[in-house]
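Understanding the architecture of this molecule
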Amino acid sequence: MNFDLTPEQDQLRDAVRALGRKYGHGYFVEKARAGAHTTELWQEAGRLGYLGVNIPTEYGGGGSGITELAIVCEELAAAGCPLLLLVVSPAIAATVINKHGTDEQRKRHLPGLADGSQKIVFAITEPEAGSNFHRLGTVARRDGDDWLLTGRKCYISGVDEAGHVLVVARTEDSSTGKLKPALFIVPTDAPGLERSKLDMEILSPENQFLLYLDDVRLPADALVGESLDAGLPALFAGLNPERITVAAMGAGTGRYAVERASEYTATRKVWGGRSIGTHQGVAHPLAHAAVQVELARLMIHKAATLYDAGRDLEAGVAGNMAKYAAGEAAALAVDTAVQALGGAGMTTEYGVATLLGAVRAGRIAPVSREMILNFVAQHVLGQDKSY
Ligand SMILES: Cc1cc2nc3c(=O)[nH]c(=O)nc-3n(C[C@H](O)[C@H](O)[C@H](O)COP(=O)(O)OP(=O)(O)OC[C@H]3O[C@@H](n4cnc5c(N)ncnc54)[C@H](O)[C@@H]3O)c2cc1C
């Protein structure tokens, strides 16, 4: 068992940390409040090769794995810049296209994803289906060589920043109850594709959208892969990278919160000469949160290592557990940090309450804590399915 990063991974971590600190949480909050995007940070990360670490070198990427992308996600979040689109674009979309796209799709899309000049977002969630993906109602129909897509998607992140959206549709009628999914690379300006921004209680420069697809006409080569058989494996291919990188983002956010709070409680004095961190009522909850964050990081490391070794089934269990642990740890860490800072915790200046919405959402998306517990109950504990 090896707990050390390689020298290259260490270097990557230090370099991404430095980039994250150059921008910092103040920048992230300012962009969010202005309704703007973290374009400068994204572009610089792209130029430095951090967005494409997991993309093969022949397409301009770093040729490494999800371990490296998780490092990027964690370190930017630990600097106060948790970027959800890292999970959506390089983790999910790039993996799906690299593993299951055609040669032509790889050549067309991966270089732009690698240098950050392109983003591809991901649309699976639907208002009626929710957590039950078997009920997806977005249908893909053949019309000659073309495809026509009709349906609705909700909570889709980053549509306003992306050139394409990877849409999960079904090719069988939903009344059959059987999902034969197919993934399509849809231009965000395709005729028939409309979007409306959702008002979310999350302070973030990244937005969520409702998508309406009304007979969106796509050429045959918009279908991911050579045939419809690519659909199911392509859909599953995105899951482990998604779980692992979103967990890394949560762990980074947890680290950020514990660090901010510890700095504060070590110096804040309200009872004579002692810092408030001297009081165990203040220090223990922070120490507890630090333990939870570190435990989550261990599981993320395990999941990423298994995934990069091609051990997908084991990575699936570890990735789900890592996502669960990190989601809980991040929410605990931010809430504990707010409490430890007292009134300052609720100010914008101290930059912890600004993350409350984001970490709360991390227990719901991209997969809810309950659905992970269902997965563990069924696949690890051998329990029957209740739904
Ligand atoms: C900030 C944010 C960003 C998002 N970005 C994207 C995106 O980019 N692309 C995308 O496709 N989706 C995105 N989503 C959607 C997200 O993946 C869903 O919100 C999530 O999967 C839960 O689905 P739902 O909201 O429909 O909840 P529902 O399925 O309606 O569930 C509601 C509650 O019931 C619980 N529940 C449901 N079924 C069961 C069960 N069988 N057992 C126990 N509990 C159950 C759930 O855990 C949840 O707590 C995003 C969501 C958020 C909040």
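A brief report on the enclosed structure follows. Each chain has its residues counted from 1, following the order in which its sequence is written. Totals for whole chains, interfaces and linings use all residues, but because this is a predicted model, local features are given only for residues with pLDDT of at least 70 and pairs of side-chain atoms are given and counted only at 80 or more. Side-chain calculation: all heavy atoms of the structure are included, whereas hydrogens and water are not.

Remarks on the overall build of the protein chain
Counting its secondary structure elements, the protein chain contains 11 helices and nine strands. Counting only C-alpha atoms, the protein chain reaches 80 × 50 × 45 Å along its principal axes. Three labels apply to residues, based on accessible area from a 1.4 Å probe with only protein chains included: buried if under 20% of the type maximum, exposed if over 50%, partly exposed otherwise in between. Put simply, the protein chain has 387 residues, and 51% of those count as buried. When the accessible area of the protein chain is evaluated, it comes to approximately 17500 Å², of which 52% is carbon and sulfur surface. His is not counted, nor are the chain ends; Lys and Arg add positive charge and Asp and Glu add negative charge. Taken as the charge centre is NZ of Lys, CZ of Arg, CG of Asp or CD of Glu, depending on the residue. Charged side chains of the protein chain number 37 positive and 45 negative; the gap between the two group centres comes to 5 Å. Per the convention used, a helix needs a DSSP run of H or I reaching at least four residues, while a strand needs a run of E reaching at least two, with both numbered from the N terminus. Only the protein chains shown count as cover for residues, and the accessible areas themselves come from Shrake-Rupley with a 1.4 Å probe.

Overview of the pairing of strand β3 (residues 146-157)
Sheet analysis places strand β2 (residues 139-143) next to β3, joined by five bridges and oriented antiparallel. Paired with Arg141 across the bridge in β3 is Leu148. Where β2 folds back onto β3 in an antiparallel hairpin, the turn is made up of two residues, including Gly144, whose phi is positive at roughly 65°. DSSP calls a pair of strands paired once it identifies at least 2 bridges connecting them. Bridging between β3 and strand β7 (residues 208-218) involves eight bridges; their strand directions are antiparallel. Each bridged residue has a counterpart across the sheet, and for Leu149 the counterpart in β7 is Val216.

Topic: the nonpolar core
Here, nonpolar core means buried Ala, Val, Leu, Ile, Met, Phe, Trp, Tyr and Cys residues that are tied together by side-chain atoms lying within 4.5 Å of each other. Of all hydrophobic cores here, the largest spans 85 residues; its most connected members are Leu149, Val165, Leu166, Phe184, Val186 and Ile300. Here the element with the most residues in this core is helix α4 (residues 84-100); it accounts for nine residues. Excluding residues that lie within four positions of it along the chain, Val186 makes contacts with Leu149, Gly163, His164, Val165, Val167, Leu193, Val216 and Leu218. Listed in part, the 23 residues of the second largest apolar core include Tyr256, Ala337, Val338 and Ala353. Here, two residues are considered to be in contact whenever any of their heavy atoms come within 4.5 Å of each other.

Here we look at the site of the ligand
Being near a molecule or strand, for a residue, comes down to having at least one heavy atom within 4 Å of it. Around the ligand, the surrounding shell holds 20 residues, and the nearest of these are Thr125, Ser131, Tyr155, Ser368 and Glu370. Two N or O atoms form a polar contact when they lie within 3.5 Å of each other; inside protein one atom must be a possible hydrogen donor and the other a possible acceptor, and for residues adjacent in sequence the pair counts only when both atoms belong to side chains. Tyr155 is positioned with one of its backbone polar atoms (N or O) 2.8 Å from a nitrogen atom of the ligand. Contact between the ligand and Glu370: an oxygen atom at 2.7 Å from a side-chain N or O atom of the residue. In the complex, the protein chains occlude 70% of the 980 Å² of accessible area that the ligand would expose alone.

Regarding helix α8 (residues 280-308)
In a helix, the anticipated span is given by 1.5 Å times the number of residues less one. For α8, built from 29 residues, the straight-helix expectation of 42 Å at 1.5 Å per residue is met to within 8% by its first-to-last C-alpha distance of 41 Å. Regarding α8, the residues found buried are Leu286, Ala289, Val293, Ala296, Ile300, Ala303, Ala304, Leu306 and Tyr307. Contact partners of the buried residues in α8: α3 (66-78), α4, α6 (231-237), α7 (239-267) and α9 (312-341). A positive backbone phi angle near 80° is found at Gly310, which sits one or two residues after α8.

Considerations on unusual backbone geometry
One can expect most non-glycine residues to show negative phi and most peptide bonds to be in trans. Geometrically, the link from Ala365 to Pro366 is a cis peptide bond, its omega value of -5° lying close to zero. Take Pro366: it is sitting in the loop between α10 (356-361) and α11 (369-379). Residues other than glycine seldom take positive phi values, yet Tyr155 does so here, at roughly 60°. Residue position: Tyr155 is located in strand β3. Accessibility expressed as a relative area gives 49% for Tyr155, which makes it partly exposed.

Observations regarding the side chain of Glu206
When you line up the elements, Glu206 lands in the loop between β6 (193-197) and β7. The charged side chain of Glu206 is buried without a salt bridge, its nearest counter-charge being Lys119 at 7.3 Å. At 3.0 Å, the side chain of Glu206 and the backbone nitrogen of Leu85 are in polar contact. Any carboxyl oxygen of Asp or Glu within 4 Å of a side-chain nitrogen of Lys or Arg constitutes a salt bridge here.

What about the pairing of β7?
Relative to β7, β6 is paired through five bridges, and the arrangement is antiparallel. Bridge pairing in β7 links Leu193 to Leu213.

Concerning the pattern of salt bridges
With the rule as written, the count across this model stands at 25 salt bridges. When salt bridges that share partners are traced, they join Arg17, Glu74, Glu75, Arg255, Glu294 and Arg297 into one network.

What to know about the environment of Lys323
Relative to the elements of secondary structure, Lys323 occurs in helix α9. Residue Lys323 is classed as buried on the basis of its relative accessible area, which comes to 3%. The spacing of Lys323 and Asp335 is 12 residues in sequence and 18 Å in space, taken between C-alpha atoms. Residues within four places of Lys323 in sequence aside, it is in contact with Arg243, Val246, Ala247, Gly362, Arg363, Ala365, Pro366, Val367 and Ile372.

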